[in-house]
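# What the coordinates show
So the chains spell out like this:
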Amino acid sequence: MFEFRADSDISKNYQLLQGAIDAHLRDEKNLIANLANIASFIYTALPDVNWAGFYLAMDGELVLGPFCGKPACTRIPIGRGVCGTSAEKGEIIVVPDVHAFDGHIACDSQSNSEIVLPLFIKGRVFGVLDIDSPMFDRFSQADVDGLAKIANSISRFLEGM
Ligand code: SME
């Protein structure tokens, strides 16, 4: 399993992680298997992450999908919390301090910062990729750039299903 190298720069690490995920998406076509392994790739590779996984849009709400970390809330209305806000706006949301985000839904009390990236099929939100950290301000612009490319790869895979 790929892990970030402490002696390498962050964008190089993301290139390696992206390569591992792209190879996986090429070789396997099952959605649940791929989302499960991508959650594990991210959870295992990124330092200081305590939850990584997916919520999938179904009938006007987000339903918990494959993830790594502690058990989480199973349903989030679109527009609620960080995940529901990202799904509603179709935008990446970075929250440096979850305690300062109005409406944040706390699943793991150890989480202090969070990033949520929407996934699309032909312009419509299919779900979100959610990553939590026990560190405040964990997600830098380099993380946003690296994770946005991973989210794009997942969206391309979804469109090819
Ligand atoms: N914090 C998220 C809920 C999901 S958990 O972090 C896994 C939110 O506010 O939408």
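Note: the structure precedes this text.
An account of the accompanying structure is given in this report.

### Re the site of the ligand
- Taken together, 13 residues surround the ligand, and among them V82, C83, I105, E114 and D132 come closest.
- Residue E114 places a side-chain N or O atom 3.1 Å away from a nitrogen atom belonging to the ligand.
- At a separation of 3.3 Å, an oxygen atom of the ligand approaches a polar side-chain atom of D130.
- Burial of the ligand by the surrounding chains reaches 99%, relative to a free accessible area of 310 Å².
- Of all the secondary structure elements, the ones that give two or more residues to the shell around the ligand are β1 (51–58), α3 (81–89) and β6 (124–133).
- When residues in the shell around the ligand are grouped by element, the largest group, 3 residues, is from α3.
- A class-by-class count of the residues in the shell around the ligand yields 8 nonpolar, 2 polar and 3 charged.

### Examining the packing of helix α1 (residues 10–27) against helix α2 (residues 31–45)
- The N-to-C vectors of α1 and α2 enclose an angle of 165°; their axes lie 10 Å apart at closest approach. Between α1 and α2, the angle is such that the two are roughly antiparallel. Helix-helix and strand crossings are classified by hand; for α1 and α2 the assignment is right-handed. Facing α1, whose interface residues are L17, A20, I21, H24 and L25, α2 presents N34, N37, I38, F41, I42 and A45.
- By residue class, the composition of the contact of α1 with α2 is 8 nonpolar, 3 polar and no charged.

### Concerning the packing of aromatic side chains
- Under the counting rule described, the total for this entry stands at 3 aromatic pairs.
- With 6.0 Å between their ring centres and 25° between their planes, W51 and Y55 make a pair best called stacked. We note that W51, like Y55, is buried.
- Relative accessible area serves as the criterion here: at 3%, W51 is assigned to the buried category.
- In textbook terms, an aromatic cluster arises when at least three aromatic residues are bridged by ring pairs, as seen for W51, Y55 and F67.

### Thoughts on α3
- In terms of burial, α3 is largely enclosed, as 7 of its 9 residues are buried.
- Of all the residues in α3, the buried ones are G81, V82, C83, G84, T85, S86 and A87.
- Packed against the buried residues of α3 are β1, β2 (61–69), β3 (75–77), β4 (93–95), β5 (113–121) and β6.
- Positive phi shows up at G90, right after α3, with a value of about 65°.

### Topic: the pattern of salt bridges
- In this structure the tally under the stated criterion is 3 salt bridges.
- E61 is the partner of R75 in a salt bridge, and the nearest nitrogen-oxygen pair spans 2.6 Å. Of the two residues, R75 sits in strand β3 while E61 sits in strand β2, which places them 14 residues apart along the sequence.
- Given the relative accessible area of 23%, E61 is considered partly exposed.
- Ionic pairing is found between D143 and R138, a salt bridge with its closest N-O pair at 3.2 Å. Summarising the burial analysis for this pair, D143 and R138 share the class buried.

Definitions and limits used
- Residues numbered from 1 in each chain as written.
- Predicted model: local features only at pLDDT ≥ 70, side-chain atom pairs only at ≥ 80, totals over all residues.
- Heavy atoms only, no water.
- Near = heavy atom within 4 Å.
- Polar contact = N/O pair within 3.5 Å; in protein donor to acceptor, adjacent residues only side chain to side chain.
- Areas by Shrake-Rupley, 256 points an atom, 1.4 Å probe, with all protein chains shown as cover.
- Helix = DSSP H or I, 4+ residues; strand = E, 2+ residues; numbered from the N terminus.
- Nonpolar A, V, L, I, M, F, W, Y, C, P; charged D, E, K, R; others polar.
- Axes fitted to C-alpha atoms, helices over the stretch in contact; angles between N-to-C directions.
- Parallel < 35°, antiparallel > 145°, perpendicular 65-115°, else oblique.
- Left-handed = near helix turned anticlockwise from the far one by under 90°.
- Contact = heavy atoms within 4.5 Å.
- Phe/Tyr/Trp six-rings, centres within 6.5 Å; stacked < 30°, edge-to-face > 60°.
- Buried < 20%, exposed > 50% of the residue type's maximum accessible area, 1.4 Å probe, protein only.
- Salt bridge = Lys/Arg side-chain N within 4 Å of Asp/Glu carboxyl O.

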